[in-house]
Amino acid sequence: MDVFITALPTILKAMAMGAVPILLASLGELFSERAGLVNIGLEGIMAVGAFVGFAVAKMSGNLWVGLLGAIVAGIAVNMVYAVCTVTLRADQIVTGMAVNILAPAIALFGYNLFVGNNPANATGSQMASVAIPGLADIPVVGGALFNQTPVAYAAFILVPLVWWFFKSFRAGLSFRSVGENPHAAETLGIDVVRVKFVACVVCGALAAAGGAFLTICYTPIYTDGIVAGRGFIALATLIFGRWNAFGVLGASLLFGFFDGMSVALQAQFQAAPVMFFKMIPYIFTIVALIFFGSRNAGPKASGKPYLREQR
């Protein structure tokens, strides 16, 4: 117990840091599924965002430019998904898996070209944390939760904004109606195809931002597999959070907590195999899906192709 209390600040710090990329990708997927699109290609989009964010930040010398570049790249990748699933009405799961196979390979190829024979290109810059005066001085939790990067703060601020958007804004209600019954939405004057494309833009941007967070905030390097399944965890987080922004936040923090706990356990039990502790967040993901996945059926039209002529 004393060991846990001693390690609690480290766990909380790692929890907040680990939750951000999952939270951003989950919020992006929330927009996608609210518009009736199940995008399991988050892993690939995050991988591209991680590399492009790293490379652009390194070349420009500006981390914010790197983040913007990652967002643009994520949107571009997800437009491929959008054209295939919305325009060509291809199977959403198959298309998402294709993105997960192709995008990380493109990111790795680009990284090898970028680094080349210059090892100096293998390490970039890391965004500094900004402490919130007063709150950062709170014992135990202050330094962990209120001394984060601006990107992390933006991700957490985004949660109530997204919740408010889907609850009170006409555009948010249009998203929800498209995800529930696109043909009924069409009769109300809602452009279903446009809503789906907008959802893909938002999903690609947020998922790529989550990937970029890993290489410009979490660590200043890009390595193959740096996303490490976080895209799939984001999908589980959305289910666990019941397709609600605040639920997604809670689930992301919970997954982040287990991620942080695995880091603390590695430091405490150095003789044990590292991979044993790294399994903890993924085991919890499986358990969460077993107990919560079947009880929460998301938007009714999610995953179904839309034909305007079909009734």
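Quick caveat, the model's predicted, so the values are computed rather than measured. (Residues numbered from 1 in each chain as written. Predicted model: local features only at pLDDT ≥ 70, side-chain atom pairs only at ≥ 80, totals over all residues. Heavy atoms only, no water.)

We now examine the overall build of the chain. When helices and strands are counted, the chain shows 13 helices and two strands. Residues counted as buried form 50% of the 311 residues belonging to the chain. Contacts in the chain between residues at least 24 apart in sequence constitute 75% of all its contacts with a sequence separation of at least 6. On the chain, roughly 14,400 Å² of surface is accessible, and the fraction owed to carbon and sulfur atoms is 70%. The chain carries 17 positive and 12 negative side-chain charges, and their two centres are separated by 7 Å. (Helix = DSSP H or I, 4+ residues; strand = E, 2+ residues; numbered from the N terminus. Buried < 20%, exposed > 50% of the residue type's maximum accessible area, 1.4 Å probe, protein only. Contact = heavy atoms within 4.5 Å. Areas by Shrake-Rupley, 256 points an atom, 1.4 Å probe, with all protein chains shown as cover. Lys, Arg positive; Asp, Glu negative; His and termini not counted. Charge placed at Lys NZ, Arg CZ, Asp CG, Glu CD.)

With that settled, consider the packing of helix α3 (residues 63–87) against helix α4 (residues 92–115). Between α3 and α4, the shortest axis-to-axis distance is 10 Å and the interhelical angle comes to 155 degrees. Put simply, α3 runs roughly antiparallel to α4. Both α3 and α4 take part in a crossing whose hand is right-handed. Contacts between α3 and α4 involve V77, Y81, C84 and T85 on the former and, on the latter, Q92, T95, G96, V99 and A103. Classifying every residue of the contact of α3 with α4 gives five nonpolar, four polar and no charged. (Axes fitted to C-alpha atoms, helices over the stretch in contact; angles between N-to-C directions. Parallel < 35°, antiparallel > 145°, perpendicular 65-115°, else oblique. Left-handed = near helix turned anticlockwise from the far one by under 90°. Nonpolar A, V, L, I, M, F, W, Y, C, P; charged D, E, K, R; others polar.)

Across all of its chains, the model carries 15 aromatic pairs by this definition. Centre to centre, the rings of F54 and F114 are 6.0 Å apart; their planes meet at 80 degrees, and the pair counts as edge-to-face. Residue F54 is located in helix α2 (residues 42–60), and its partner F114 is located in helix α4; the two are separated by 60 residues in the primary sequence. Here F54 and F114 have matching classes, each one buried. Taken together, a centroid distance of 5.2 Å and an interplanar angle of 75 degrees make the contact between F165 and F166 edge-to-face. Taking relative accessible area as the criterion, F166 reaches 6% and is therefore assigned buried. Put simply, the rings of F31, W164, F165, F166, F169 and F175 pair up and form one aromatic cluster. (Phe/Tyr/Trp six-rings, centres within 6.5 Å; stacked < 30°, edge-to-face > 60°.)

Helix length check: helix α9 (residues 192–218) (27 residues) gives 37 Å between terminal C-alpha atoms against 39 Å at 1.5 Å per residue, within 8%. Along its length, α9 shows its largest kink, about 35 degrees, at A212. Most of α9 is tucked away: 20 of the 27 residues are buried. The N-capping residue of α9, defined by a side-chain oxygen 3.4 Å from the backbone nitrogen of V193, is D191. (Expected span 1.5 Å × (residues − 1). Bend = angle between axes of the 7 residues up to and from the residue. Polar contact = N/O pair within 3.5 Å; in protein donor to acceptor, adjacent residues only side chain to side chain.)

With that out of the way, let us pick up the nonpolar core. L42, F51, Y222 and F255 are the most contacted members of the largest nonpolar core, which has 45 residues in total. Only α1 (2–34), α2, α3, α4, α9, α10 (230–240), α11 (245–268) and α13 (280–292) provide two or more residues apiece to this core. A per-element tally of this core places α2 first, with 10 residues. If near-sequence neighbours (up to four positions away) are discounted, F51 is found in contact with A107, G110, Y111, F114 and Y222. Listed in part, the 39 residues of the second largest apolar core include L27, A152, F175 and F213. (Core = buried A, V, L, I, M, F, W, Y, C linked by side-chain atoms within 4.5 Å.)

For the rest of this paragraph, the subject is the packing of α2 against α10. It is the contact of α2 with α10, at a shortest axis distance of 7 Å, that shows an interaxial angle of 130 degrees. Taken together, the axes of α2 and α10 are oblique relative to one another. Classified by chirality, the crossing of α10 by α2 is right-handed. Contacts between α2 and α10 involve L42, E43 and M46 from the first element and R230, G231, F232, A234 and L235 from the second.

Next up on the list: the environment of A264. Considering the arrangement of structural elements, one finds A264 in helix α11. Placed 253 residues apart in sequence, A264 and I11 show a C-alpha to C-alpha distance of 6.3 Å.

Moving on: the side chain of S302. Position of S302 relative to the elements: it lies in the segment after α13. Residue S302 is classed as buried on the basis of its relative accessible area of 18%. Not counting residues up to four positions away in its chain, the partners in contact with S302 are E33, G36, L37, V38 and G179.

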